[in-house]
Amino acid sequence: METHDPLSVGRRLGEIREGLLRLHQSLLDWQRRAHERLHGRMSATELLQVLLHDPEFAWLRPISEIIVHIDQMLADEGTADEDAILVQVRALASPDADGTPYAQRYLQAIQESPDAVLAHKDLLALLRRQRAPR
């Protein structure tokens, strides 16, 4: 069985986290624009409120949760289950018209937002560089 250097695991998870943050921001921007077309411009405070409470933004929670999970793992040095994280991130980076509400909205976002397409492409490139789950 192969052993993994905790520093390299932390570095790899940090890279995945950064890719997820870029993707999350592009998805949030896309959803915000759609919301503002119907309801008018929002302040940062209003955006935070709709992000936390509006069902229209609920589909973004899985990506938010995995970022928080990675943050917690990085803070608890030595407890990172890199394989489990990579499986979850790969699932989140898989748009699917027949999948979960997240996967459906994700597909729509990458079809409509050039920024989301680029963030998606970058995350996939990071994932390809990671080892396959055991």
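Up top is the structure these notes are about.
Residues numbered from 1 in each chain as written. Predicted model: local features only at pLDDT ≥ 70, side-chain atom pairs only at ≥ 80, totals over all residues. Heavy atoms only, no water.

Asks: I'd like a rundown of the nonpolar core, residues and numbers included.
Replies: Counting 34 residues, the largest nonpolar core has L20, L27 and I66 as its most contacted members. For this core, the secondary-structure elements that each account for two or more residues are α1 (6-39), α2 (44-53), α3 (61-75), α4 (82-92), α5 (101-112) and α6 (114-129). A total of eight residues in this core trace back to one element, the largest contributor, which is α1. Beyond its immediate stretch of four places on either side in the chain, L27 contacts W59, L60, I63, Y102, Y106, A109 and A116. (Core = buried A, V, L, I, M, F, W, Y, C linked by side-chain atoms within 4.5 Å. Buried < 20%, exposed > 50% of the residue type's maximum accessible area, 1.4 Å probe, protein only. Helix = DSSP H or I, 4+ residues; strand = E, 2+ residues; numbered from the N terminus. Contact = heavy atoms within 4.5 Å.)

Asks: For the packing of α5 against α6, give the residues involved together with the corresponding values.
Replies: At a minimum axis distance of 5 Å, the contact between α5 and α6 shows a crossing angle of 110°. Taken together, α5 and α6 sit at an angle that is classed as roughly perpendicular. Note on element contacts: α6 touches α5 through P114, A116, V117 and H120, opposite Y106, A109, I110 and E112. Here the residues of the contact of α5 with α6 sort into six nonpolar, one polar and one charged. (Axes fitted to C-alpha atoms, helices over the stretch in contact; angles between N-to-C directions. Parallel < 35°, antiparallel > 145°, perpendicular 65-115°, else oblique. Nonpolar A, V, L, I, M, F, W, Y, C, P; charged D, E, K, R; others polar.)

Asks: Explain the packing of aromatic side chains residue by residue, including any values.
Replies: Evaluated as defined, the whole model comprises three aromatic pairs. With a centroid separation of 5.8 Å and 40° between ring planes, the pair formed by W59 and Y102 is classed as tilted. Note that W59 is positioned in the loop between α2 and α3 and Y102 in helix α5, a separation of 43 residues in sequence. When its relative accessible area of 5% is taken as the criterion, Y102 is described as buried. Judged by centre distance (5.5 Å) and plane angle (15°), the ring pair of Y102 and Y106 falls under stacked. Of this pair, Y102 and Y106 both sit in helix α5, four residues apart, which is roughly one turn of that helix. Taken together, the ring pairs connect W30, W59, Y102 and Y106 into an aromatic cluster. (Phe/Tyr/Trp six-rings, centres within 6.5 Å; stacked < 30°, edge-to-face > 60°.)

Asks: How would you summarise the pattern of salt bridges if you had to cite specific residues and measurements?
Replies: In total, this model carries eight salt bridges according to the counting rule given. Here E15 ties to R129 by a salt bridge, and the two come within 3.3 Å at their closest N and O atoms. Taken as a pair, E15 in helix α1 and R129 in helix α6 lie far apart in primary sequence, 114 residues in all. For E15, a relative accessible area of 26% translates into the label partly exposed. Several salt bridges share partner residues, and in doing so they unite R11, E15 and R129 into one network. (Salt bridge = Lys/Arg side-chain N within 4 Å of Asp/Glu carboxyl O.)

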